[in-house]
Amino acid sequence: MQRKTAVIIGGGPAGLTAAYELVTRSDIQPLVIEQSSLVGGISRTERYRGNHIDIGGHRFFSKSDRVMNWWLGIMPMQQSSEPAFAIQYQGQSRDVGLPHEGLDPETTDRVMLIRPRKSRIYWRRKLFDYPLSFSVDTIRKMGLLRLGRAGLSYLHAAAFPVAPEQNLEDFIINRFGRELYDTFFKSYTEKVWGVPCNEIPADWGAQRIKGLSILKALKHALMHRKGADVSQKGTETSLIERFLYPKFGPGQMWEIVADEIRGCGGEVLLRHKAVAITTEEGAVKA
């Protein structure tokens, strides 16, 4: 019989997940084409002089049981002194037990760690909490003059929002004001994605930043409490404070998935670039 093949362009999380599902749940053999030397896309983990360096702060969190179970099937969770974590989504709740005899990160590498979130912005040789908090430390580092300008800028944006929002620049300014946009968001976003903010669609911001805004950050700071469950369904995704994290960075997850695909008969080709798709009579030939 003719072999069934699925050609997948790109060895990032989406491409590798598709390939893994095909090779483990069907008779279709995936062929993943990745132009770089590493899998994982922007969720890869680079290695430099013995250090594991993530390209961005990628965290493993989902309100979907199916997604959480998929990840934990690849990399089981570490042992914990807590009996269970509550994972909630769509009004439903389910406890995930964590037995004491679970995996020990000190002796096992293929393990998902439970980690608190601690994101920082490095600006003018100072570290700021992210999401931005209105703490004494933030006020001291920004200075009253700059903080006052940021406040006035936010009030102006709240009173006269850009409408309709045409791009990511409009989206962020409407939620934080132009002063904070120019200070923190603009250069960071353009460095990470390599595209000017005014060329990125506004709906991209709605998907990435979701409901985060100055008002949400203030509310979160006032209602901050420790010991929240991993799911934190009522928390904006950008404010989640506990998440799952592979022992050696997010790239470890996708390196393992790539190895599993190869072990099941699929192919993952690195340093290969797809330049064209040849079709004949509505079918892909090459």
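Residues numbered from 1 in each chain as written. Predicted model: local features only at pLDDT ≥ 70, side-chain atom pairs only at ≥ 80, totals over all residues. Heavy atoms only, no water.

K.L.:
I would appreciate a short explanation of helix α6 (residues 178–193) in the present structure.
P.N.:
In an α-helix there are 3.6 residues to a turn, and that puts residues three or four apart on one side. Along its length, α6 shows its largest kink, about 45°, at F185. Turning to α6, its buried residues are E179, L180, Y181, T183, F184, F185 and T189. (Bend = angle between axes of the 7 residues up to and from the residue. Helix = DSSP H or I, 4+ residues; strand = E, 2+ residues; numbered from the N terminus. Buried < 20%, exposed > 50% of the residue type's maximum accessible area, 1.4 Å probe, protein only.)

K.L.:
Explain the packing of helix α1 (residues 13–25) against helix α9 (residues 250–263) to me, please; I cannot follow it from the model alone.
P.N.:
The angle between the axes and the distance between the axes are what describe a pair of packed helices. Where α1 contacts α9, the axes come no closer than 10 Å and their chain directions differ by 30°. As for the relative orientation of α1 and α9, their crossing is left-handed in sense. Between α1 and α9, the residues in contact are P13, L16, T17, A19, Y20 and V23 and W254, V257, A258, E260 and I261, respectively. The class makeup of the residues in the contact of α1 with α9 is nine nonpolar, one polar and one charged. (Axes fitted to C-alpha atoms, helices over the stretch in contact; angles between N-to-C directions. Left-handed = near helix turned anticlockwise from the far one by under 90°. Contact = heavy atoms within 4.5 Å. Nonpolar A, V, L, I, M, F, W, Y, C, P; charged D, E, K, R; others polar.)

K.L.:
Looking at this structure, how should I read the side chain of N174?
P.N.:
Within the secondary structure, N174 sits in helix α5 (residues 168–176). For N174, the side chain forms a polar contact with the main-chain nitrogen of V162, separated by 2.7 Å. A polar atom in the side chain of N174 sits 2.8 Å from the side chain of E165. In contact with N174, not counting residues within four places along its chain, are A157, P161, V162 and E165. (Polar contact = N/O pair within 3.5 Å; in protein donor to acceptor, adjacent residues only side chain to side chain.)

K.L.:
How should I be thinking about the sheet that holds strand β11 (residues 267–269) in this particular structure?
P.N.:
As a general point, the strands of a sheet are linked pairwise by backbone hydrogen bonds and lie either parallel or antiparallel. Pairing is parallel across the open sheet formed by three strands, whose spatial order is β1-β2-β11. Of all the strands in the sheet, the pair left with one neighbour each is β1 (5–9) and β11. Taken over all neighbouring pairs, the strand axes of this sheet differ in orientation by 15° on average, direction set aside. (Pairing = 2+ DSSP bridges.)

K.L.:
I would appreciate a short explanation of the pattern of salt bridges in the present structure.
P.N.:
As a working rule, side chains carrying opposite charge can pair if their charged atoms are close by. Following the criterion strictly, the structure yields 14 salt bridges and no others. A salt bridge links R178 to E169; its shortest N-O distance comes to 3.7 Å. R262 serves as the salt-bridge partner of D259, at 3.2 Å between the closest nitrogen and oxygen. Of this pair, D259 and R262 both sit in helix α9, three residues apart, which is roughly one turn of the helix. We classify R262 as partly exposed; its relative accessible area is 35%. Shared partners join several salt bridges into a network, and the residues in it are D137, R140 and K141. (Salt bridge = Lys/Arg side-chain N within 4 Å of Asp/Glu carboxyl O.)

K.L.:
Please clarify how the packing of aromatic side chains should be interpreted in this entry.
P.N.:
Scanning the entire structure with this criterion turns up six aromatic pairs. Between F176 and F185, the aromatic rings sit 4.7 Å apart at their centres with planes inclined by 40°, giving tilted as the arrangement. The two residues F176 and F185 agree in class, both being buried. Three or more aromatic residues joined by ring pairs form one cluster here, namely Y20, W70 and W254. (Phe/Tyr/Trp six-rings, centres within 6.5 Å; stacked < 30°, edge-to-face > 60°.)

K.L.:
Could you clarify how one ought to interpret the nonpolar core in this entry?
P.N.:
Across soluble globular proteins, nonpolar side chains have a tendency to be buried as a group. Ranked by internal contacts, the top residues of the largest apolar core, which has 24 residues, are L16, M253, W254 and V257. Of all the secondary structure elements, the ones that give two or more residues to this core are α1, α2 (65–74), β7 (112–116) and α9. A total of six residues in this core trace back to one element, the largest contributor, which is α9. When sequence neighbours within four positions are dropped, the list of residues in contact with L16 reads G11, V32, V39, G40, W254, V257, A258, I261 and V268. Judged by nonpolar contacts, the second largest core, of 18 residues, contains F128, Y181, I200 and A202. (Core = buried A, V, L, I, M, F, W, Y, C linked by side-chain atoms within 4.5 Å.)

K.L.:
How should helix α4 (residues 144–159) be read in this particular structure?
P.N.:
Taking 1.5 Å per residue as the helical rise, α4 with its 16 residues ought to reach 22 Å, and the 22 Å between its terminal C-alpha atoms agrees with that figure. Taken together, the buried positions of α4 are occupied by R146, L147, A150, S153, Y154 and A157. Along the axis of α4, the buried positions cluster into a sector of 120°, meaning they face one direction only. With respect to the buried face of α4, the exposed residues turned more than 90 degrees away are L144, L145, L152, L155 and H156. (Expected span 1.5 Å × (residues − 1). Arc of directions from axis to C-beta.)

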